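# Descriptive structure summary
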Amino acid sequence: MIEKKFRIKNKLGIHARPAGQLVKVATRFKSAIYISRNGNEVNAKSIMGVLMLEAGHGSEVIIRINGEDEFSALEAIEELIDKRQFDEE
Amino acid sequence: MHAESAASQEMRIKGLAVSQGIAIGPAFPFGSGIQDVRPHEVAAAEVEAEVQRLTQAIENAKSELTRIGEETQERLGERSAEIFEVHILILDDPEIRGAAIRRIREERLNAEWLFLQVVEKYEQSFSHFKDEYMRARATDLQDVKRRVIRQLQGAAKSPGDGLPGPAVVFAADLMPSETIHLRRDYVLGFATELGSRTSHAAILARSLKVPSVVGLGPVCQYLVPGTPVILDGYSGQLILNPAPETLERYEKTRSLYEALSHKLARSRTLPARTKDGKDIELSANIEFFEEVQPAIADGAIGVGLYRTEYLFLMRDELPTEEEQYAEYVRIIDALHRQPIIFRTFDLGGDKAQRHFHVHQEANPFLGYRGVRLYSEREEVFRMQLRAILRASVRGRVRILIPMISSVAEMRFCRGVLESVKEELRAAAIPFDEEIPVGAMIEVPSAAVSADLIARECDFLSIGTNDLIQYTLAVDRSNRYVDQMYRAFSPSVLRLIRDTIHHGHAQGVWVGMCGEMASDPLATMALIGMGLDEFSVSPVSLLVIKDIIRRVHFDECENLAERVLSYSTADEVENYLSSVFRRKFRDLIIHDPNHPLVRREQN
């Protein structure tokens, strides 16, 4: 199992479109993937769960991954959150 | 966009005008009637059926979203379309779909009620969010909720049901079955998120004469029931919360149009005959059975173009002979022996791919389409001819072959027709032995050799849309060159004149089923060139007849001669417009948004 903390840097936070992007990335992997904020942990493959975190700009989230492809999953999520910043314009 | 910010400001959205008229009234977003949802118990034996009903509704909502997403992407780009993917993810979320299904099984209540409960729980949480942008996500949930509830109620309810009074009905899309069951006096107009000019619902809206605009994109989510709207079925404009001056201007325009159509309707049953007694055959272009009655009511003496493609596009399989026969009989019977011209299937480009395994072509318009498919797929052509011939005993049927570009193609088609006739004779199946066969003149090579083609035919029908695009080498869906697409180009007019002349010299009559036949500006010139038959879009019947009845044949001949003497399309159009303004001032409604002369996709 691996875990990593992220700060949400894009201006609008994880609203609908970014949540959709995260869910789509997460569902590509076999591993169980969770995302938590302020102690609330939800399934990162559920868009409702991700939206309910209300992870706005500047908030801190923890991604926890458990499974055979956990490393590549984390890499893909890092790419989306940190590098691409949800492709926000 | 927030619902609140749109609450009082005038807002304009452009869609595709598909049915003329102006509707002014309160909006009724179909599906906004979900406050009607009440809980009721479901019998133990019915629980699984209820689960199935919800699953189906969610699947339908998803395919609706997929289509809206595709259309939005084409129009506005990938980014704008992403929100629909999010909506699909929401529908697939175990917390939504799974929870609702579990609750149906546990609580044994109806799907509508429980789905609403599940979604509204989240909606409430969202509305308590601190972040304003996150809070606005509640609108996404509302949209998703409405879509599914509408699907659940769809089977039992049509969009006009539950209308509190006259209103402009909004929907994602309109199913033909829904359109047909509406209370006409309550539906002021139709506005849809999806659709194109040629969608079945659009055609029905036209025949029901309900002003309609389709392809507006995601509007339902901004609409509070009762929002005042103007729907302009001439320009495709939707105006939410119109300012008082906008409202006044549209009310004035609407009353002018109403007065005009009222006046035109008086000549409904009168013949399409010039003042000096020349009869013109005025018929209608149709695609669906439902269009026959209204066209006849507006004075069409028959159908000048029956497009048969939809039977081939409805499904993945080709229609059988029996299916075709049944549909043809239904349409012929509705005509009560008034003539009808069947255009054999005219498929090409992407439309033909499904059935004919046509490969991607670099230039589909110059490729494998229309009659060019018939030799390789002769069995499909034969099957359609059999169905038409068998149906021909019930009325006055004529056959028209699309995309003819040479005499050889015409001879091939006649050969196949003879062999199908022989087959029917051998089987003692009756058909009209004298069934007339015509060529569609829409390729320049056919127009310039119309004399040769006419010898092989009983009539000719000019299809102007393709004729113009091929003559001028202009694809009018290409915005870089679309301004060069000019119906009144001298080159096009000469081809039309020559086709009519050659047809008459060979003793066959010549009609026109292209868009130009519906253009009031062209009517006098076409009469003057000797055109025998005008097949027009049903909405244009009354205005074209009015023009025919107000002119003399020799005056049209003079006008045609003058038109053919000009050297540019501008000169022709300027001259025709000046004549039109002088002679038919009453047919022109002065409003910059509403040119009288409208162009229609064919």
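Residues numbered from 1 in each chain as written. Chains lettered and ligands numbered in written order. Predicted model: local features only at pLDDT ≥ 70, side-chain atom pairs only at ≥ 80, totals over all residues. Heavy atoms only, no water.

## Observations concerning the overall build of chain B
Cut-off, in case you're wondering: Secondary structure counts use DSSP, requiring at least four H or I residues in a row for a helix and at least two E residues in a row for a strand, with both numbered from the N terminus. Every residue pair with non-hydrogen atoms within 4.5 Å of one another is taken to be in contact. Reported accessibility uses the Shrake-Rupley method at a 1.4 Å probe radius. Residues are deemed covered only where the shown protein chains occlude them.
A count of helices and strands for chain B gives 23 helices and 16 strands. Of the contacts made within chain B by residues no fewer than 6 positions apart, 70% connect residues no fewer than 24 positions apart. By element, 51% of the accessible surface of chain B is carried by carbon and sulfur atoms, the whole surface being about 25,500 Å².

## Things to note about the interface of chain A and chain B
Accessible area lost on assembly of the parts is the figure often given for the size of an interface. Stated precisely, the cut-off is as follows: What gets called buried area is simply the loss in accessible area from a 1.4 Å probe that two parts show on being joined, summed for both. The salt bridge criterion pairs a side-chain nitrogen of Lys or Arg with a carboxyl oxygen of Asp or Glu, the two atoms within 4 Å.
Opposite the 19 residues of chain A that make contact, chain B presents 21 residues. For the pair chain A and chain B, the summed buried surface comes to about 1,800 Å²; carbon and sulfur atoms form 69% of the total. Linking chain A to chain B there are one salt bridge. Salt-bridge contacts for Glu85(B) lead to Lys24(A); the nearest nitrogen and oxygen are separated by 2.1 Å.

## A word on the side chain of Thr253(B)
All names here are of chain B. Note the threshold: Each residue's exposure class comes from its accessible area (1.4 Å probe, protein chains only) as a fraction of the maximum for that residue type: buried when under 20%, exposed when over 50%, partly exposed otherwise. Any pair of nitrogen or oxygen atoms within 3.5 Å is treated as a polar contact; in protein, a donor-acceptor pairing is required on top of that, and neighbouring residues in sequence qualify only through side-chain atoms on both sides.
Within the element layout of this structure, threonine 253 appears in helix α9 (residues 244–265). For threonine 253, a relative accessible area of 4% gives the class buried. Polar contacts involving the side chain of threonine 253 include one to the main-chain carbonyl oxygen of arginine 249, which spans 2.9 Å.

## With respect to the sheet that holds strand β12 (residues 397–401) of chain B
Two pairing modes exist for strands in a sheet, parallel and antiparallel, and in both the strands are linked by backbone hydrogen bonds. Residue and element names in this part refer to chain B. Filter applied, for reference: One requirement defines pairing of two strands: DSSP has to find at least two bridges between them. Between N-to-C directions, angles span 0 to 180 degrees; the directions come from axes that are lines fitted to C-alpha atoms, helices contributing only their stretch in contact.
Pairing is parallel around the closed barrel formed by eight strands, whose spatial order is β9-β10-β11-β12-β13-β14-β15-β16. Strand-to-strand twist in this sheet, taken as the mean axis angle between neighbours without regard to direction, amounts to 25 degrees. Sheet analysis places strand β9 (residues 281–286) next to strand β10 (residues 303–307), joined by three bridges and oriented parallel. Bridge assignment links asparagine 285 to a residue of β10, and that residue is leucine 305.

## Considerations on the sheet that holds strand β2 (residues 16–19) of chain B
Residues and elements named next belong to chain B. The strand order across the open sheet formed by eight strands is β1-β8-β7-β3-β4-β5-β6-β2, and the pairing between neighbours is mixed. Pairing within the sheet leaves two strands with one partner each, and these edge strands are β1 (11–14) and β2. When the angles between neighbouring strand axes are averaged without regard to direction, this sheet yields 30 degrees. Alignment of strand β4 (residues 167–171) against strand β5 (residues 187–192), held across five bridges, turns out to be parallel. Considered in β5, the bridge of valine 168 is made with glycine 189. The strands that α9 touches are β1, β3 (22–29), β7 (228–232) and β8 (237–240); relative to β3, the one it contacts most, it runs at about 120 degrees.

## As for the side chain of Ser449(B)
Residues and elements named next belong to chain B. You can see serine 449 is positioned in the loop between α16 (444–448) and α17 (450–454). Assessed through its relative accessible area of 16%, serine 449 is described here as buried. Polar side-chain contacts of serine 449 include one of 2.7 Å to the backbone oxygen of serine 445.

## With respect to the packing of helix α22 (residues 553–563) of chain B against helix α23 (residues 569–583) of chain B
How two helices sit against one another is set out by the angle between their axes and by the gap between those axes. All names here are of chain B. Cut-off, in case you're wondering: Roughly parallel covers angles under 35 degrees, roughly antiparallel covers those over 145, roughly perpendicular covers 65 to 115, and oblique covers all other angles. Basically, the charged four are Asp, Glu, Lys and Arg, the nonpolar ten are Ala, Val, Leu, Ile, Met, Phe, Trp, Tyr, Cys and Pro, and anything else, Gly included, counts as polar.
Here α22 crosses α23 at 155 degrees, and the two axes come no closer than 10 Å. Put simply, α22 runs roughly antiparallel to α23. Facing Glu555, Leu559, Arg562 and Val563 of α22, the residues of α23 in contact are Val572, Tyr575, Leu576, Val579 and Lys583. Of the residues contributing to the contact of α22 with α23, the split by class is six nonpolar, no polar and three charged.

## Observations concerning the nonpolar core
Using the following cut-off: Nonpolar cores were defined as sets of buried Ala, Val, Leu, Ile, Met, Phe, Trp, Tyr and Cys residues, with membership established by side-chain atoms within 4.5 Å.
Formed by 119 residues in total, the largest nonpolar core has its most connected members in Ile401(B), Leu460(B), Ile496(B) and Phe534(B). What Ile496(B) contacts, discounting residues up to four positions off in sequence, is Ile462(B), Thr464(B), Leu467(B), Met512(B), Met516(B), Leu526(B) and Met529(B). Within the second largest apolar cluster, 69 residues are counted, among which are Val25(A), Val61(A), Ile88(B) and Tyr122(B).

## Examining the environment of Arg97(B)
All names here are of chain B. Structurally, arginine 97 is set in helix α3 (residues 94–107). Residues arginine 97 and leucine 54 lie 43 residues apart in sequence; the distance between their C-alpha atoms is 8.7 Å. If near-sequence neighbours (up to four positions away) are discounted, arginine 97 is found in contact with Thr55, Ile58, Glu59, Lys62, Leu91 and Asp92.

## Describing a negative patch on the surface
All names here are of chain B. Formally: Only residues whose relative accessible area exceeds 30% and that form no salt bridge enter a patch; like-charged residues are grouped when within 9 Å of one another, and nonpolar side chains (Val, Leu, Ile, Met, Phe, Trp, Tyr) when within 5 Å. Counting rule for charge: Lys and Arg are taken as positive, Asp and Glu as negative, and neither His nor the chain ends is counted. To locate a charge, the coordinates of NZ of Lys, CZ of Arg, CG of Asp or CD of Glu are taken.
Together, Asp276, Asp554, Glu557 and Glu561 make up a region of like negative charge exposed at the surface. Its location among the elements puts aspartate 554 in helix α22. Aspartate 554 gets classed as partly exposed once you look at its relative accessible area, which sits at 44%.

## Structural notes on the packing of aromatic side chains
Residues and elements named next belong to chain B. In plain terms, the rule: The rule is short: rings of Phe, Tyr and Trp, with Trp giving its six-membered ring, pair when the centres are within 6.5 Å, and they are stacked under 30 degrees, edge-to-face over 60, tilted in between.
Inspection of every chain in the model, using the stated rule, returns 12 aromatic pairs over all chains. Aromatic pair phenylalanine 345 and tyrosine 374: ring centres 4.9 Å apart, planes at 50 degrees, arrangement tilted. Of this pair, phenylalanine 345 sits in the loop between β11 (340–343) and α13 (349–356) while tyrosine 374 sits in the loop between α13 and α14 (378–392); the two residues are 29 residues apart in sequence, bridging distant segments of the chain. Each of the two residues, phenylalanine 345 as well as tyrosine 374, counts as buried. Every member of this aromatic cluster is reached through a ring pair, and the members are Phe312, Phe345, Tyr374 and Phe381.

## Describing helix α21 (residues 541–549) of chain B
Residues and elements named next belong to chain B. Counting buried positions over the nine residues of α21 gives eight, a clear majority of the element. Of the residues making up α21, those classed as buried are Leu541, Leu542, Val543, Ile544, Lys545, Asp546, Ile547 and Ile548. Turning to α21, the residues buried within the fold contact α9, β9, α10 (292–297), α20 (523–528), β16 (533–536) and α23.

## Quick word on the pattern of salt bridges
Residues and elements named next belong to chain B. Following the criterion strictly, the structure yields 49 salt bridges over all chains and no others. Where glutamate 378 meets arginine 382, a salt bridge forms, and the shortest distance between an N and an O atom there is 3.1 Å. Taken together, the positions of glutamate 378 and arginine 382, both in helix α14 and four residues apart, correspond to about one turn of that helix. The exposure class assigned to glutamate 378 is partly exposed, which follows from its relative accessible area of 27%. A relative accessible area of 19% places arginine 382 in the buried class.

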